[in-house]
Every structure is written in C-alpha cells, then in structure tokens.
Amino acid sequence: MADGGGLGEGAPAAAAPPAPAPSLSPSPGWRERLRAGLAGTWASLWFVVGLGLLYALRVPLRLCENLAAVTVFLNSLTPKFYVALTGTCSLISGLIFIFEWWYFHKHGTSFIEQVSVSHLRPLMMGGTERSSSEPASLSSNRESETSRQNVSECKVWRNPLNLFRGAEYRRFTWVTGKEPLTYHDMNLSAQDHQTFFTCDTDFLRPSDTVMQKAWRERNPLARIKAAYQALELNNDCASAYILLAEEEATTIVDVEKLFKQALKAGETIYRRSQQCQHQSPQHEAQLKRDTNVLAYIKRRLAMCARKLGRIREAVKIMRDLMKEFPPLTMWNIHENLLESLLELQAYADVQAVLAKYDDISLPKSAAICYTAALLKTRTVSDKFSPETASRRGLSTAEINAVEAIHRAVEFNPHVPKYLLEMKSLILPPEHIQKRGDSEAVAYAFFHLQHWKRIEGALNLLQCTWEGTFRMIPYPLEKGHLFHPYPSCTETADKELLPTFHQVSVYPKKELPFFIYFTAGLCSSTAVIALFTHQFPEIMGVFAKAGDRDTSEAHPSLRTSTLAFHLDSVKGRKIHGRDLSLSHCWMRFKQTALEGRTPWRKRDESSSWGYNSGP
C-alpha cells in the first residue's frame, strides 16, 4: 500500500538491529558432520575409480591412435579455418557479453548466475545443502524474519510535500514535453484517494457515488468531468472541489480558491457527521472519511499559503491542524512545518519540532535526519576550515556536527549529491521510498535553499559526508546507527521516478564474474583472429609448437602420427608427380627426425610441395 500509518510501522527502520539469540544457531551434530564427510569421501572415490577405468581401457579404446588422428587433423587445417573459428568465438562471446551487460543494468544481477543458482544448483546439489548446514525449522524462521524486515523497509510512503498536478506537474509537461510522474506513482495516488475520500456508505449520496467512480478513472479529463457532475448533484461536495483543485487549476491562486470552497463544504459535512457518529458503524465510517477530507483540505491550503509567500499563515494552519487531528501522523504534517519554519529561519522552533519527532520509537525520514544535521552544522560552519581542523583537531561542536552528518548520510546516502549539485534535480514524485533516491529528490528539491542560506554548511557537508562509508560495515550485513541499507530501494525508485532520470544506486553493485569472463573471451579471440589473419606463418609456428612437444614426449604417438600421415598422402600428386609408398615413407622419416612439417603450401596460389625449409 502507498502510505504509512501509525507510529510503529516505520520504527524498525530507525531502531538498531537486535542481536541474534545464541540459541538460534547451534553447531551441527556429529551425524551431520559424518554425513558431510562421507559425501566428500564417496566423491573422491568415484573420481579415482573413473581414472583407473580410463587407464585400463586405453588399449581397447585405441586412445593413442585416436589422439594421433586428432593431432594430424589439426595440423592439416589451414590458417583460414583458425581465423573463422576464432572470429566466430569472438562474435558469440561478444553477443553474450552485450546481453549480460544489458541484463545486469536492467535487473541488477547476472543472467548466467541467476540461471545457475535457480535451476542448475538444485539439480546438482539435490537439496541436501540446507539439511546438512542447518535444520529446516531454523532456516524457515530466519527467512520469514528477513522477509518481514524487507517488507517494512520497502514500504512506499506518500510524499508530504507533493506538488499540484495541474498547476505544477502539468506545466512542466507543457514546457518540456516530458512526463514527471510515472504510471505506478499515479496508481498509488489513486489508491490513496479511494482510501481517504470514499467509504462504504457513498451509495447513500449520489454525489459521493459519482466521486467514487471519478477517483478510479485513469483519464484526467474523465475525472474532471465526473467532478463537475458531482457538483451539479450537490454543490457542497468537498471531494469534487479537491479533484478540480488538484488537476484542473493551472495556477496556485486558482488552486487556493477551489480549496477554500472545498473547506467551506467540508466543514459543513464534518459538523453534520460529528452529530451522527454514534448512531451506527456506517456513521462512524462517514465521520472518518469526512475527517480525512477536512484535514487534507487544510494541509493543502497551508501549502498554497507557503507557495504564495504567506509563510506565517502556513505555519499557523499546520500547527492548528496538528493539534486538531493528532492521530493523522501518516501524512507527516510535521515535515511541512519543518520546511516552513526553516524558511522563516526560526531555528529554535525547528529544534522544538525535532525534539518531539526525532525519537527512536518514531519513523525516521531524510527531512528529520538532515534537518537535525543542518542545525548542528549551523553553529560551526561559518568558521570551519579543513586545513585548520586537520592542524588543531575538531572541537566538540564540530564533532557533534560531523556525527550528525554521518547519521543523516547513513540513513539516506543519496541526498548529498543533490545538495552539492553533483546530480541534477527533477520534480519530486507523489510517493517516495524511504532511504531511496526518490526521498533524496523530494528532500533536496525543497531544502537545498535552506542549506545554501547557512554560510559554510555545504562546505562542511562536502568535506565530511564521504567519511560515513568508512564507518558502515561492508558488506552491508549490518548497519552502524540504523538497520542495514535495504536492497529493494533501486527497484522501487525505478517505478516511482521518470525514465529520463538516472536513478542513484547505493551501494554500487560490482560487475558479475561472467561479464568480465565474456569480455575477456571476446577480446582474446578477436585478437587471435586478427593476428592469425595478418601473420599466418607466425601463428602456425605457435600452433605446431605444442604438437611438437607432445610428439617428443610420446614416441609411440609420433609413430602413429607418421603412419597416419603416410596413409593420408598415399597416392597424392605433388608438382604433377605420383608419390610412391617408399618415397613418402622416406620423406616422412626425414622431416620427422628434423622436426619439420612434411608438406606445406608455398603460397596461397601454389600446390602442395616438400617442406625443405626449417
């Protein structure tokens, strides 16, 4: 689901990882060790038996003669064959390399490794690896615990500072021709709207029935048309005004006007629902829906005031909203308040908000962690100098600031590149993945100006943020102050961020072995093909050097090779003359003793002749 709710759902991401109980990892018993030892012994025994059987059958299988035939066949091949062979190998390995590279950049893993682990390994191991290493019950408990942790970390949250579709996102599309929102992001927003603005009793009011269908429409024009139909049925339909303000209004002023109309209608419906809330469970559902509608309207009105420069009015609306509806923590209104207070430079009020929400039992966010770092950086950044600090050491205040930066960077390592303008910013999405690139974009889009306003803050961040990675264990099996960085953020960010944005990935994934292997194979075979084509005589010397060493080491193999040569050239004509058997045998004997090839071509156009040269 798209939005986080409740106090405890995000808490696991902020708390330190619990230490594993010692009783959960018992050492394997003597039976398991004995079974593993016997398995290794049987494998070695089968290998020895196979070698002995091959040695015993070497004569019936005529291994020496077959090897001699293969050697002669390879010696009789021309350089053109080796050029074609190595060229084909280079082409095939190059295609595999290109596919592996594409698959790794798209899915983050090697296709060959994935197939090997998923299909070949179970067939080869037979499913005995897990049973020999740990009991099945413990492994299942560990897998379920890991899956629960991944679900909580990979949760997608609604962006508390999301922009208006008609007045901001659509204007970006008009100017650039690019879509800033993905289909997945807008689909999550549609689910949010159906959750917040509809209930089971909508069929009792025709206008609410129309709006229930409108929130499910994919076409923006169809949604706007349905909103006007709902207003024709009921002029006090607050959710219809919300839809028109979000999607039809093209300026913030028009958005504010529509939200003020929605506020008037929403307050009327809310007071009516309060009076009937105890009559039935249906009336309680209506009150919950009307409460969500009213809170959403006030929050968006506060954002309109913030965008139009009435910051103190925006702060007042947010404070009143947090007092009136304290259970609505899922909308993270305090992050809107933090940004507005930073714009007012009311740093004492910012510290008071952080004291309430920067708690270990509450969900963390980049806005909380980096704002806390900004406040501590503010006290020392104007006088900070890397040369002076390296010479005299860091003071207590500087140490606190650096530790706060390290804490923020560990929570979300993508933010510094946007604050330091090492990566270009885009419009933030409507939903974010905490600790991911989408959250970094959303934070930097609104808070970069606050870091620039404080003198030396970005300089201190630039000098210290990379030091965080020396404190985090590698590989990321555990974190330093937070849970290990989740591995699912890249996939979620690719679904939330537009395709024209290059998603930031942490930690950087190492290239799989098969990419290096296929790249090396492609390069080496291509070089061999090129050298064989350009210098066939030199490459022929290298090709026959191995065969010469084999013949010297095994005289019987050499004799068989000569006999095979004799049978193969018997009756062949060289320079128009028929070769007799005795003539061939004398020639082969002479050239073999001298270590030369019996026959060769003088050039590409000539016929075969004696190899009189060395």
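Every value quoted in this text rests on a predicted model; they were computed, and no experiment measured them. (Residues numbered from 1 in each chain as written. Predicted model: local features only at pLDDT ≥ 70, side-chain atom pairs only at ≥ 80, totals over all residues. Heavy atoms only, no water.)

J.: An account of the pattern of salt bridges is requested, with residue identities and associated values reported.
T.: Inspection of every chain in the model, using the stated rule, returns 21 salt bridges. For Lys-307, the salt bridge identified is with Glu-168, shortest N-O distance 3.2 Å. In this pair, Lys-307 is assigned in helix α13 (residues 281–307) and Glu-168 in helix α7 (residues 165–176), connecting sequence segments 139 residues apart. In this structure, the salt-bridge partner of Lys-298 is Glu-324, at a minimum N-O distance of 2.9 Å. One end of the pair, Lys-298, is in helix α13; the other, Glu-324, is in helix α14 (residues 311–324), with 26 residues separating them in the sequence. By relative accessible area, Lys-298 is classed as buried at 16%. The partly exposed category is assigned to Glu-324, whose relative accessible area is 38%. Connected through shared salt-bridge partners, Arg-165, Arg-223, Glu-247 and Glu-430 make up one network. (Salt bridge = Lys/Arg side-chain N within 4 Å of Asp/Glu carboxyl O. Helix = DSSP H or I, 4+ residues; strand = E, 2+ residues; numbered from the N terminus. Buried < 20%, exposed > 50% of the residue type's maximum accessible area, 1.4 Å probe, protein only.)

J.: So what's going on with the packing of aromatic side chains? Which residues, and what values?
T.: Within this structure, the stated rule accounts for eight aromatic pairs. Members of the aromatic cluster, joined through ring pairs, are Phe-196, Phe-197, Trp-215 and Tyr-296. Over the aromatic face of Trp-157 sits the side chain of Lys-155, whose NZ or CZ is 5.3 Å from the ring centroid. Across from the ring centre of Phe-500, 4.9 Å away, lies the NZ or CZ of Lys-178, which sits over that ring. (Phe/Tyr/Trp six-rings, centres within 6.5 Å; stacked < 30°, edge-to-face > 60°. Lys NZ or Arg CZ within 6 Å of the ring centre and 35° of its normal.)

J.: Give a detailed account of a nonpolar patch on the surface, specifying residues and quantitative values.
T.: Where nonpolar side chains cluster on the molecular surface, the patch consists of Leu-53, Leu-54, Leu-57, Leu-61 and Leu-63 and spans about 430 Å² of accessible area. With respect to the helices and strands, Leu-53 occurs in helix α1 (residues 30–56). (Patch = residues over 30% accessible without salt bridge, like charges linked within 9 Å, V, L, I, M, F, W, Y side chains within 5 Å. Areas by Shrake-Rupley, 256 points an atom, 1.4 Å probe, with all protein chains shown as cover.)

J.: Please give an account of the nonpolar core that cites residues and values.
T.: Membership of the largest hydrophobic core comes to 97 residues, with the highest contact counts inside it found for Met-211, Ile-242, Phe-259, Ile-297, Tyr-370, Leu-419 and Trp-451. In terms of residue count, the dominant contributor to this core is α13 (10 residues). When near neighbours in sequence (up to four residues on either side) are disregarded, Ile-242 contacts Phe-197, Trp-215, Phe-259, Ala-262, Val-293, Tyr-296 and Ile-297. In terms of nonpolar packing, the next biggest core, distinct from the first, is built from six residues, Leu-163, Tyr-169, Leu-181 and Phe-446 among them. (Core = buried A, V, L, I, M, F, W, Y, C linked by side-chain atoms within 4.5 Å. Contact = heavy atoms within 4.5 Å.)

J.: Pulling in residues and values, what's your account of unusual backbone geometry?
T.: With a phi close to 60°, Glu-421 is a non-glycine residue in the positive phi region. As for its placement among the helices and strands, Glu-421 is situated in the loop between α20 (415–419) and β2 (431–433). A positive phi angle, close to 70°, is found at Arg-435, a residue other than glycine. Summarising the element assignment, Arg-435 is placed in the loop between β2 and α21 (437–453).

J.: Give me helix α11 (residues 238–247): which residues, what numbers.
T.: The buried fraction of α11 is high, at 10 of 10 residues. Looking at α11, one finds that the buried residues are Ala-238, Ser-239, Ala-240, Tyr-241, Ile-242, Leu-243, Leu-244, Ala-245, Glu-246 and Glu-247.

J.: An account of the side chain of Arg-289 is needed here, citing residue identities and associated values.
T.: Within the element layout of this structure, Arg-289 appears in helix α13. Residue Arg-289 is classed as buried on the basis of its relative accessible area, which comes to 5%. If near-sequence neighbours (up to four positions away) are discounted, Arg-289 is found in contact with Phe-196, Phe-197, Thr-198, Cys-199, Asp-202, Arg-205 and Asp-208.

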